[in-house]
Amino acid sequence: MTGNPTDHLVLADEVAEALAAGRGVVALESTLLAHGLPAGRNHEVGLRLERIVRAAGAVPATIAVLGGKARIGLTAAELEQVCAVGTDLLKLSRRDLGPALALRRDGATTVASTAALAHQAGIGVFATGGLGGVHLTLPRGAAAWDVSADLDVLSHTPVTVVCSGVKSVLDIAATVEVLETRSVPVLGYRTDSFPSFYLRVSAFPVPWRVDTPAEAAAVIAAHRAHVPGGAGVLLANPIPAEHELDRELHDRLLLEGMDLLRERNIRGKDVTPALLEHFHAGSDGASLTANTELVADNARVAAEVAVELAQASRR
């Protein structure tokens with residue numbers, strides 16, 4: 001006999017009421033806060049993202065696993081816990097949810113696990129920084145693929161992910177190809193180029209462009225209604241122009257970072273944190289500001305799209 005398939009979810013009152021009323025809700029991940037930003041600043045960013053979503057007319061739902069439950073929308077105390085120094089939350093991808101819930105381990109959710117939990121809770125729009133992608137590393141001279149779980153989860157989870165493309169430390173060409181193979185629609189938001197996180201454009205075009213929240217919502221609604229398979233949608237929103245990293249600095253740091261990976265034989269899940277730390281140190285904090293500002297803008301766009309989707313469903 002199995003239990004209720006959603007008894008591991010605890011929805012904040014504000015989130016539950018918004019979903020029941022058919023209002024727009026935006027999921028937000030917690031790994032950015034617990035593992036991606038320094039202490040102090042992470043709490044400020046967490047609060048700021050929630051304010052941005054509310055200002056656009058939607059309800060924020062920051063997600064984390066605490067006390068053996070998946071919390072969909074955090075209280076003030078829970079958000080502080082996620083951001084606190086020394087909390088040492090586990091980094092939970094989708095594969096880690098079962099063990100963490102069963103063993104009552106606290107953890108921050110990645111893109112893959114946040115999307116999965118958001119869908120289970122009935123939330124269809126999720127804002128993050130960058131989607132995970134494909135690493136093409138060369139450990140000891142032999143090519144090896146490392147593909148993020150984000151891509152597979154997006155391929156069968158009908159959640160719209162608003163992000164600034166994938167981090168430029170990834171293999172963008174391979175990532176775009178995997179998204180195409182998985183039949184995930186990729187929409188450029190006011191851009192014809194697939195963004196590369198710190199940079200607004202890459203060498204790769206987007207197959208479709210939308211220029212307003214209403215256009216994005218219309219495409220998402222049509223995809224959900226008429227295309228079988230349950231894939232999500234990727235809405236790629238470039239970093240605001242005023243916060244884009246200097247390209248020459250970016251390219252130098254990327255080359256140095258790839259050399260660092262080879263010298264230290266860094267592989268797997270340790271690759272992205274090592275490269276991001278190298279960017280933060282080498283850019284004198286400019287990349288950290290860029291990271292913060294692109295996530296904030298993605299939260300705004302996600303909220304505007306979520307509001308449009310909610311309004312369309314009531315027409």
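Residues numbered from 1 in each chain as written. Predicted model: local features only at pLDDT ≥ 70, side-chain atom pairs only at ≥ 80, totals over all residues. Heavy atoms only, no water.

A. The arrangement of the overall build of the protein in detail. Assigned secondary structure in the protein consists of 12 helices and 13 strands. Compactness check: the protein gives a C-alpha radius of gyration of 18 Å against a globular reference of 20 Å for 315 residues, within 12% of the reference. When the 315 residues of the protein are sorted by exposure, 53% land in the buried category. Taking contacts inside the protein between residues at least 6 apart in sequence as the whole, the part at least 24 apart equals 73%. Of the roughly 13,900 Å² of accessible surface on the protein, 53% is carried by carbon and sulfur atoms. Between the averaged position of the 28 positive side-chain charges in the protein and that of its 36 negative side-chain charges there is a distance of 4 Å. (Helix = DSSP H or I, 4+ residues; strand = E, 2+ residues; numbered from the N terminus. Rg over C-alpha atoms; globule rule 2.2 N^0.38 Å. Buried < 20%, exposed > 50% of the residue type's maximum accessible area, 1.4 Å probe, protein only. Contact = heavy atoms within 4.5 Å. Areas by Shrake-Rupley, 256 points an atom, 1.4 Å probe, with all protein chains shown as cover. Lys, Arg positive; Asp, Glu negative; His and termini not counted. Charge placed at Lys NZ, Arg CZ, Asp CG, Glu CD.)

B. Fine view of the packing of aromatic side chains. Across all of its chains, the model carries two aromatic pairs by this definition. For the pair Phe-197 and Tyr-198, a centre-to-centre distance of 4.8 Å together with 70 degrees between the ring planes defines the contact as edge-to-face. Of the two residues, Phe-197 and Tyr-198, both sit in the buried class. An angle of 20 degrees between the planes, with centres 5.2 Å apart, marks the rings of Tyr-198 and Phe-279 as stacked. Here Phe-279 lies in helix H11 (residues 271-282) and Tyr-198 lies in the loop between strand S11 (186-189) and strand S12 (208-210), a separation of 81 residues in the sequence. Each member of the pair, Tyr-198 together with Phe-279, is buried. Of the aromatic side chains, those joined through ring pairs into one cluster are Phe-197, Tyr-198 and Phe-279. (Phe/Tyr/Trp six-rings, centres within 6.5 Å; stacked < 30°, edge-to-face > 60°.)

C. Seen up close, the pairing of strand S3 (residues 59-66). In terms of burial, S3 is a largely internal element, eight of the eight residues being buried. Here S3 shows two buried faces, one formed by Val-59, Ala-61, Ile-63 and Val-65 and the other by Pro-60, Thr-62, Ala-64 and Leu-66. Here four bridges tie strand S2 (residues 25-28) to S3, and the two strands are oriented parallel to one another. Its bridge partner lying in S3, Leu-28 is registered against Thr-62. The turn linking S3 back onto strand S4 (residues 69-72) is made up of two residues, and Gly-67 within it adopts a positive phi angle of 60 degrees. Across two bridges, S3 lies against strand S6 (residues 107-109) in antiparallel orientation. Bridging from a neighbouring strand, Val-65 pairs with Gly-107 of S6. (Pairing = 2+ DSSP bridges.)

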